[in-house]
Every structure is written in C-alpha cells, then in structure tokens.
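Spelled out, the chains give:
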Amino acid sequence: MDAAIHRFAPQLPLAVAFSGGADSTALLLACAERWPGQVVAIHVHHGLQSAADAFVGQCEKVCAQHAVPLKIRRVDARHAPGQSPEDAARQLRYATLIEAAREPWPVQGASGDPLPPVRSMALAQHADDQVETLLLALSRGAGVAGLAAMPAQWSRADLEWHRPLLDLPGQALRDWLAARGQAWVEDPTNADARYTRNRIRAQLLPALQQAFPQFRATFARSSRHCAEAAELLQEMAQADLAAIGTPPGITALQALSPARQANVLRHWLRSVHAITPSAAQLDQLLAQIGVCRTRGHRIHLKMGRGFVRRLGSVLDWYN
C-alpha cells in the first residue's frame, strides 16, 4: 500500500471519491498522510438502499478524525427504462464528482491559504476490480477496447483522474486498515448474488487464485496489450475517416478491407453520432456496403437509437 502511494504523483489538490468502504478508506487515509492539507473527499449518496445513510455517517466520522474536508452530494440514481441500473449509477456518480470538485472548497490548505481548485481525482479500484471488469467484458464478447478494462490514468472535464491501487489486491487494503485499527463499512449489496460482478468475486476469483496464483498480474498484462491494440485501432480509424470523408463515402469504404470498414464505421458512429452499434447491426451494414454496386441500391438499417441510410454516394445517420 505504502509503495503504491509513493509511486502516485497527482497534481494537487487531490479529491478522493470516498464511499466509506475499505478500498476508498485506505486510499483516502494514505493520500491524506502523504499530502496533509491537500486532500479532500467527496461522497455520493445514491439513495438506492437503506444502508446509504450509514455510509454518510462513516464518511463524516473518518474525515473528522483525520481533518479531511468532506463534501456529501445526494442524488437520485434511479435508472431510466431500458437502462442498466449499474450504468445509470456510474454515469451519475462521475457527473456528481466532477460538479463537486469544481465547486469552491471553504477550507484552508496546509499553508493557511485558501485551498485552490481541485486538479486531480483519485478512485479506489484495485487489482480484483480490474480482473472482475475484464471477466465481465469477456462474458459480453467485448473487443479490445472493452478488454483493456480500466485505465490507471486519464483526463476528463479539466481533471486528471487516477486509479493508483490497480496493482494491489483488495485484501491488501483491508490488511493495511486492520493493522491501523481503522474501521470501514461493508456495502450489503456486495453479497447479492443477483449481480454478475458479485458472483465473479465470490466464485471465480478464489478458483483463479488456486489455479493461477499470479492471475492478477498476468490478466493486467493482457489488458495492457489490449489497450495498446485499441489505441492503434483508434489511430487507424481516425486516419481512415479523414481519407473517406465525413459522412463516409461508399466507394471509398469499399476500397478498405472488411476489418478496416468495421473499425472506421464504429469510429464514425461513436465520434460523430454518439452511437455504439451492436455486432449484429454492424455485420448487417458491412454486408449491405459489400453489395452496394448500383446507383439504385438502398441501404436503410437500424443503428443504435436511429438509422443508417444511403444518401447518394455517402452513408448518413439520422433519428
């Protein structure tokens, strides 16, 4: 734990997304010890379970004990029809963290001066979370972007985001807290077998530990390889889209290999129209492009929340 925080070099001040659970408690205390007066905490109260108020109380207690400024944000995380509950909560959590980080902090820094705006955000996902994310992606047939799992660092909304604990198993964080006599709260939903992630944690990770003791490191290496491949595919897609035009020219598309057609079309739909097509939808579109050899050939396919159609010599998307 100490070595992971020693390698961590965020821009300060730093905000920690703090749930009150073991993982974020360990991250918050380790960061507060290393950068006293430069670390703040943000707790998002989702209101999705009766235990949520107990999480708030634990966060307030820990932050008061360690003189860490705390913001609590209460949100309504109920999902829309057809939306995944986990995805809805995750999207709202990120938006709330960004909003809270941008707001002024009415506290004093270590120097006695007002604390400047937060520049970095730290999240407490660890090696077990990374493995769970990879296994979930595999179970859903994800491509290399999905198999890249969670990045250790990225930029969003003028903040630098970090996951400094990705090399540590979850038990190491609990051991670190136990050695200090520090309590935390357990989310009761973590034991709910209705959630696939919980079944992976309870059933697959112990089996992997027994069969492949180094699985966390080797899985992480595979994810890094996938991240590199995804970056190369993104660069190729950007170059191909610049060459075939926006919207994509059908004749120019046909000059590309099927794999490059799929790659650039995925990029066009995502980057220009915020649409991620299913594998079946993309296969249908590729088949139609392949046989589009006459002026009168019609293309009109469902794609995400709208449709892709032929419009003269190019493809068009509308809803």
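Looking at an unreviewed UniProt entry, the chain carries the name tRNA(Ile)-lysidine synthase, with the source organism given as Delftia acidovorans. Annotation of the chain in UniProt includes, under Subcellular location (unreviewed entry), the sentence "Cytoplasm".

Draft legend 1. Seen up close, the nonpolar core. Ranked by size, the top nonpolar core spans 29 residues in total, and within it Met 1, Leu 14, Leu 27, Leu 28, Cys 31 and Leu 165 carry the most contacts. For this core, the element with the highest residue contribution is helix H2 (residues 22-34), accounting for eight residues. Contact partners of Met 1, with chain neighbours within four places excluded, come to Ala 26, Leu 27, Ala 30, Leu 165, Leu 168, Leu 173 and Trp 176.

Draft legend 2. Representation of the packing of aromatic side chains within the structure. One pass over the full model with this rule turns up five aromatic pairs. Centre to centre, the rings of Trp 154 and Trp 161 are 5.8 Å apart; their planes meet at 20°, and the pair counts as stacked. Through a chain of ring-to-ring contacts, three or more aromatic side chains come together here, namely Tyr 94, Trp 154 and Trp 161. Positioned above the aromatic ring of Trp 105, the side-chain terminus of Lys 71 is 4.1 Å from the ring centre. One cation-aromatic arrangement involves Lys 302 over Phe 307; the distance from NZ or CZ to the ring centre is 5.0 Å.

Draft legend 3. Looking closely at helix H12 (residues 279-290). With twelve residues, H12 extends 16 Å from end C-alpha to end C-alpha; this agrees with the ideal 16 Å at 1.5 Å per step. Restricting attention to buried positions, one finds in H12 the residues Gln 281, Leu 282, Leu 285, Leu 286 and Ile 289. Along the long axis of H12, the arc covered by the buried residues comes to 135°, so they all point the same way. Among the exposed residues of H12, those pointing more than 90 degrees away from its buried face are Ala 279, Ala 280 and Asp 283.

Draft legend 4. Highlighting the sheet that holds strand E1 (residues 14-17). The strand order across the open sheet built from six strands is E3-E2-E1-E4-E6-E5, with neighbouring strands paired in mixed fashion. In this open sheet, the two edge strands, each paired with only one partner strand, are strand E3 (70-74) and strand E5 (153-156). Ignoring strand direction, the axes of neighbouring strands in this sheet form an average angle of 25°. Pairing of strand E4 (residues 120-122) with strand E6 (residues 159-162) involves three bridges; the strand directions are parallel. Pairing of Met 121 across the sheet is with Trp 161, part of E6.

Draft legend 5. Expanded view of the UniProt feature "binding site: ATP" (unreviewed entry) in the chain. When the UniProt feature table is mapped to this numbering, "binding site: ATP" (unreviewed entry) covers Ser 19, Gly 20, Gly 21, Ala 22, Asp 23 and Ser 24. Along the polypeptide, Gly 21 turns up in the loop between E1 and H2. According to the relative accessible area criterion, Gly 21 is buried, its value standing at 14%. Dropping the residues within four chain positions of it, Gly 21 is found in contact with Trp 184 and Val 185. In this fold, Ala 22 is placed in helix H2. Ala 22 has contacts with Arg 174, Leu 177, Trp 184 and Val 185, leaving out every residue within four places of it along the chain.

Draft legend 6. Looking closely at the packing of H2 against helix H7 (residues 170-180). Put simply, H2 and H7 touch, their axes get as near as 9 Å, and they point 60° apart. For the pair H2 and H7, the crossing hand works out as left-handed. Contacts between H2 and H7 involve Ala 22, Asp 23, Thr 25, Ala 26, Leu 29, Ala 30 and Glu 33 from the first element and Leu 173, Arg 174, Trp 176, Leu 177 and Arg 180 from the second. Residues that form the contact of H2 with H7 fall into these classes: seven nonpolar, one polar and four charged.

Procedures and definitions
- Residues numbered from 1 in each chain as written.
- Predicted model: local features only at pLDDT ≥ 70, side-chain atom pairs only at ≥ 80, totals over all residues.
- Heavy atoms only, no water.
- UniProt positions renumbered as here; feature names shortened; annotations may be inferred.
- Core = buried A, V, L, I, M, F, W, Y, C linked by side-chain atoms within 4.5 Å.
- Buried < 20%, exposed > 50% of the residue type's maximum accessible area, 1.4 Å probe, protein only.
- Helix = DSSP H or I, 4+ residues; strand = E, 2+ residues; numbered from the N terminus.
- Contact = heavy atoms within 4.5 Å.
- Phe/Tyr/Trp six-rings, centres within 6.5 Å; stacked < 30°, edge-to-face > 60°.
- Lys NZ or Arg CZ within 6 Å of the ring centre and 35° of its normal.
- Expected span 1.5 Å × (residues − 1).
- Arc of directions from axis to C-beta.
- Pairing = 2+ DSSP bridges.
- Axes fitted to C-alpha atoms, helices over the stretch in contact; angles between N-to-C directions.
- Left-handed = near helix turned anticlockwise from the far one by under 90°.
- Nonpolar A, V, L, I, M, F, W, Y, C, P; charged D, E, K, R; others polar.

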